[in-house]
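Below are the chains, spelled out letter by letter.
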Amino acid sequence: SSGINAEYGEIGAIKDELKTMGETQESRHAALLEKIEALQGELSKVGAGQDKLNALVASKCDKKNSGTWYLGMNINPADGHIFGYTVGWATGVDIGSADEALTKDYLSANVWVKPANYIAIVRHQQGVVDAVKVFKFKTSAESLLTRFGLPNMNPGRQIVTSGGPIQESVADTAENLGDDPIFSVGGDLAFNWAYTDNGCRIALTGGHLSEVNANDDNTHGLGNNYACNPLTNTPNGADWPHDISNIQDCPLQSCREVRLQGTDHGPGPHLKSGPVYGNYAIYVSWDAESFPQPGATLSAEIGL
């Protein structure tokens, strides 16, 4: 009987051990469940934070891809009208017609007075985007009339953007990019670049910017004149205005072949007609940070 009792004792001990093990397992299981629930709570918080982050990113993207662009100017360097330094830029008077706004020289007086934070310079072929650069102005909420008007012409020579373009898009099929005044050089926009009796309305800092006392006829861009008072918007004769001069190093002292686009220029003997790379449109916006890509069709007002 003593042997039987011993066996019962062993069985009891095993039962107690199994009970203890079960209780331990239950305790571990409960602890694991608590950890899982805690992790699920943390994951929920992370998921909510990610949702907020995604919403913020989406809102930023929507902002970048929203807004409206307005056509302020179009320059066709071969339409018979000369958009030199002293024509239109400072006065903001209407030039051309809405029907031909993207095929001939054009200036919208209404757009010229709109406060703007962004500017896009678009080279296009018959209204189809060929290349575009978008910049954000350093000074906000000023119109083109203010930026190009008489108060800013004296002394002129403003660098009006910083950090370069916020968008630069060029079609794979775009041609004549090697000396394009906008798309062959980098940097920021320079407005009202006055030097002695010369002026260039829009140039890029990546090109040559003549010193204030240099009479070298060697800053190239959009809206030029090599014989004017650039501080008062007064032309000195009609020989040297020209729409578009390409990027080149052609100082007056040693060069007599200033390469231009098109035929819209005065009879000055150094001004040489050349191929038209496209029309150049100037758009402004209060809030649009991007512009339609190459291949898009332009209009006077572009909503994103």
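Residues numbered from 1 in each chain as written. Predicted model: local features only at pLDDT ≥ 70, side-chain atom pairs only at ≥ 80, totals over all residues. Heavy atoms only, no water.

Bringing the state of the cysteines into the picture now. In a disulfide, the sulfur atoms of two cysteines are held together by a covalent bond. Under the definition given, this model contains one disulfide. Residue pairing for Cys 250: its cysteine sulfur links by disulfide to Cys 255, the two sulfurs lying 1.8 Å apart. Judged by the torsion about the S-S bond (-85 degrees), the Cys 250/Cys 255 disulfide is left-handed. With relative accessibility at 2%, the residue Cys 250 sits in the buried group. (Disulfide = S-S within 2.5 Å. Buried < 20%, exposed > 50% of the residue type's maximum accessible area, 1.4 Å probe, protein only.)

The full count for this structure, using the stated rule, is five salt bridges. Between Asp 130 and Arg 123 there is a salt bridge, with the nearest N and O atoms lying 2.7 Å from each other. Judged by its relative accessible area of 7%, Asp 130 falls in the buried class. For Arg 123, a relative accessible area of 0% corresponds to the buried category. Across the salt bridge formed by Asp 179 and Arg 259, the nearest N and O atoms sit 3.7 Å from each other. Remark: Arg 259 occurs in strand S13 (residues 258-259) and Asp 179 occurs in the loop between strand S6 (167-170) and strand S7 (189-195); sequence separation between them is 80 residues. Counted as one network, the salt bridges with shared partners bring together Arg 123, Asp 130 and Asp 180. (Salt bridge = Lys/Arg side-chain N within 4 Å of Asp/Glu carboxyl O. Helix = DSSP H or I, 4+ residues; strand = E, 2+ residues; numbered from the N terminus.)

Turning to the side chain of Gln 261, a few remarks are in order. By the secondary structure assignment, Gln 261 is in the loop between S13 and strand S14 (271-272). Judged by relative accessible area, which is 1%, Gln 261 ranks as buried. Among the polar contacts made by the side chain of Gln 261, one reaches the main-chain amide nitrogen of Tyr 277 at a distance of 2.9 Å. Reaching out from Gln 261, the side chain makes a polar contact with the side chain of Tyr 280 at a distance of 2.9 Å. (Polar contact = N/O pair within 3.5 Å; in protein donor to acceptor, adjacent residues only side chain to side chain.)

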